[in-house]
Amino acid sequence: MAFLAERLLNIKPSPTVAVVTLAKELELAGRDVINLGPGEPDFDTPAHILDACNKAMEQGKTRYGTPAGVLELRQAICEKLKRDNGLIYTPDQVSVGSGGKQIIFNAMAATLTTGDEVIIPAPYWVSYPDLTSLFEGVPVYVDCPAEENFKLTPQQLRSAITKKTKWLILNSPSNPTGVAYTVEELRDLAEVLLEPSNQHVWIMTDDIYEFIVYDGFKVKSIAQIEPKLYDRTLTLNGFSKAYCMTGWRLGYAAGPSELIKAMNMIQSQAATSTTTFVQWAGIEALNGDHAFITENNQAYQTRRDLVVDRLNKIEGLDCLTPVGAFYVYPSCAGLIGKKTPAGKTIENDEDFVTFLLETESVVCVHGAAFGLSPHFRISYATDIDTLEEGCNRIRRACNSLSQ
Ligand code: PMP
Ligand code: GLU
């Protein structure tokens, strides 16, 4: 349509959001769907957070807020960043938005000029490239295959950096793989970023899965490991995952005050402020009881172990055991080129997930959406019975393929 902006041609609807919509449509149409698509906790928001929201509404915290966010929330965020990440920020260095996604949107809007490059290790969370392209930045993908544990190496980082590089995006634990960088790995990446020719590169560290970890893994954020990067780092986080608050739409970033000021200016024009009473619930999420996080992680870990074990018993699939988030990202390389009972050849991972959907009503997301094929993403943030049934159906589908 002629009146739409040309730059929209550079982006597409979020494939993970599309999968959630598709699964809901199929369920409404009466299909017996096993939904392993959505990246959201199946647990309800804890009651003490709901109570804080209700109380805030009763107390009349129902008016416009300021673009940066409620001061008490920004103070609580600063305390959290100090407590959990050893990072010292002041409230004027924090910007609150309607979800981590909107915060990335604001950060890209505030910083990208046409042609600026953003280094995105692949596989990546689906929105990084499109939010880069929307503001006429150029995503620079670096393939991080399973053999490298889906992680960026210092050599790869060094060769990806050019004079036009604006951002490196790090996401640990990662969506879609669940892998996380160790302290040593972060130190090695930091060393590259500190080289004299790389001083212009900023780091966006997406720590949204930091609390969803297993086997005692301790997540660190890069500025925590290398304080010399503090001035060039935007530390991004949100409430959707650990606090089971996806629908509340609450996220934040902390960074240099000049950048935060610019993001707040955009927020003042885009949304005025984030929903006020939701921010008060956010304070309770940060300061209140966290026992539920440990309980949820125990449930996720049992589910992870089940799914990894089941998938690795299926011929043609190969699945790493992740240390965090609630995703696995198995390879389906062993199935490419095989034929379905209907005679169609599985050419790629999109064909494979379409086959799973059509024959077994199992919803997953194809690896191409995350920039690394042939893989597919399973979210195990669902109950054990659903996961067992899902794995049975995937096994049946794979076994029905022929050479
Ligand atoms: N980063 C990553 C890696 C994610 O998986 C998500 C979840 N969609 C987000 C950011 C944004 O989450 P939200 O907007 O719900 O805070
Ligand atoms: N992060 C989730 C996912 O990857 C939610 C959907 C989205 O915002 O992309 O499925």
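Since the structure is predicted, the reported quantities are computational estimates derived from the model, not experimental observations.

Q: Pulling in residues and values, what's your account of the overall build of the protein chain?
A: Broken down by element type, the protein chain carries 13 helices and 12 strands. Relative to its length of 403 residues, the protein chain is compact, with a C-alpha radius of gyration of 21 Å against a globular reference of 22 Å. Seen through its C-alpha atoms, the protein chain measures out along the principal axes to roughly 60 × 55 × 55 Å. Counting over 403 residues, the protein chain shows a buried share of 56%. In the protein chain, of all internal contacts separated by at least 6 residues, the share reaching a separation of at least 24 is 74%. Of the roughly 17200 Å² that the protein chain leaves accessible, carbon and sulfur atoms contribute 52%.

Q: Can you explain the site of ligand 1? Please cite residues and give values.
A: Around ligand 1, a shell composed of 13 residues is seen, among which G100, D206, Y209, S240 and R249 lie nearest. A distance of 3.0 Å separates an oxygen atom of ligand 1 from a polar backbone atom of K101. Between S240 and ligand 1, the recorded distance is 2.6 Å, taken from a side-chain N or O atom to an oxygen atom. Contact with the protein chains removes 92% of the 390 Å² of surface that ligand 1 exposes when unbound. Looking at side-chain class alone, the shell around ligand 1 contains 4 nonpolar, 5 polar and 4 charged residues.

Q: Requested: an account of the sheet that holds strand β11 (residues 365-366), with residues and values cited.
A: A sheet is described by the order of its strands in space; here 3 strands give the open sequence β9-β12-β11, paired in antiparallel fashion. Two strands bound the open sheet, and with one partner strand each, they are β9 (327-328) and β11. Taken together, the 2 bridges between β9 and strand β12 (residues 376-379) define a ladder with antiparallel strand orientation. Bridge pairing in β12 links Y327 to S379.

Q: If you had to explain the nonpolar core to someone new, which residues and values would you point to?
A: Residues V307, L311, L317, F326, F352, I378 and I394 are the most contacted members of the largest nonpolar core, which totals 37 residues. If we skip the residues at most four places from it in the chain, V307 touches V328, I378, Y380, L387 and C391. Membership of the second largest hydrophobic core comes to 35 residues, among which are V118, L236, L357 and V363.

Q: Please provide a residue-by-residue account of the side chain of N237, values included.
A: By the element assignment, N237 lies in strand β7 (residues 233-238). Taking relative accessible area as the criterion, N237 reaches 5% and is therefore assigned buried. Side-chain polar atoms of N237 contact the side chain of E210, separated by 2.9 Å. The contact partners of N237, leaving out residues within four places of it in the chain, are K80, G100, D207, I208, E210, G251 and Y252.

Q: Could you give me a rundown of unusual backbone geometry, with the residues and numbers involved?
A: A cis amide bond links N175 with the next residue in sequence, P176, at an omega value of 25°. For P176, the position within the fold is in the loop between β5 (165-171) and α7 (183-193). For the peptide bond that leads from S373 to P374, omega is -10°, which places it in the cis range. One non-glycine residue, E136, lies in the positive phi region at around 65°. On the secondary structure map, E136 appears in the loop between α5 (127-134) and β4 (138-143). For E136, a relative accessible area of 35% puts it in the partly exposed group. A positive phi is found at A325, a non-glycine position, where the angle reads about 55°. On the secondary structure map, A325 appears in the loop between α11 (291-312) and β9. A325 sits in the buried class, given a relative accessible area of 0%.

Q: Run through the pairing of β4, naming residues and quoting values.
A: Pairing of strand β3 (residues 117-122) with β4 involves 6 bridges; the strand directions are parallel. Of the residues in β4, the one forming a bridge with A122 is D143. In this fold, the crossover linking β3 to β4 by way of α5 has right-handed handedness.

Q: Describe the site of ligand 2, listing the residues and the values that go with them.
A: Every residue close to ligand 2 is listed here: S14, T16, V17, G39, K101, W125, N175, K241, Y327 and R377. In the environment of ligand 2, an oxygen atom lies 3.1 Å from a nitrogen or oxygen atom belonging to the side chain of W125. In the environment of ligand 2, an oxygen atom lies 2.9 Å from a nitrogen or oxygen atom belonging to the side chain of N175. Partitioning the shell around ligand 2 into residue classes produces 3 nonpolar, 4 polar and 3 charged.

Q: Could you give me a rundown of a nonpolar patch on the surface, with the residues and numbers involved?
A: Together, F3, L4 and L8 make up a nonpolar patch on the protein surface, roughly 330 Å² of accessible area in all. Inspection of the secondary structure puts L4 in the segment before α1 (15-28).

Q: Could you give an account of the packing of aromatic side chains, with specific residues and numbers?
A: In this structure the tally under the stated criterion is 16 aromatic pairs. Geometrically, the ring pair formed by Y329 and F370 is edge-to-face, given 5.9 Å between the ring centres and 90° between the ring planes. Taken together, the residues Y329 in the loop between β9 and α12 (349-360) and F370 in the loop between β11 and β12 connect sequence positions 41 residues apart. For Y329, a relative accessible area of 3% gives the class buried. Three or more aromatic residues joined by ring pairs form one cluster here, namely F43, Y209, Y300, F326 and Y327. A cation over an aromatic ring shows up here: K61 above the ring of W280, its NZ or CZ 4.2 Å from the ring centre.

Criteria and thresholds
Residues numbered from 1 in each chain as written. Chains lettered and ligands numbered in written order. Predicted model: local features only at pLDDT ≥ 70, side-chain atom pairs only at ≥ 80, totals over all residues. Heavy atoms only, no water. Helix = DSSP H or I, 4+ residues; strand = E, 2+ residues; numbered from the N terminus. Rg over C-alpha atoms; globule rule 2.2 N^0.38 Å. Buried < 20%, exposed > 50% of the residue type's maximum accessible area, 1.4 Å probe, protein only. Contact = heavy atoms within 4.5 Å. Areas by Shrake-Rupley, 256 points an atom, 1.4 Å probe, with all protein chains shown as cover. Near = heavy atom within 4 Å. Polar contact = N/O pair within 3.5 Å; in protein donor to acceptor, adjacent residues only side chain to side chain. Nonpolar A, V, L, I, M, F, W, Y, C, P; charged D, E, K, R; others polar. Pairing = 2+ DSSP bridges. Core = buried A, V, L, I, M, F, W, Y, C linked by side-chain atoms within 4.5 Å. Right-handed = clockwise from strand over helix to strand, strands pointing away. Patch = residues over 30% accessible without salt bridge, like charges linked within 9 Å, V, L, I, M, F, W, Y side chains within 5 Å. Salt bridge = Lys/Arg side-chain N within 4 Å of Asp/Glu carboxyl O. Phe/Tyr/Trp six-rings, centres within 6.5 Å; stacked < 30°, edge-to-face > 60°. Lys NZ or Arg CZ within 6 Å of the ring centre and 35° of its normal.

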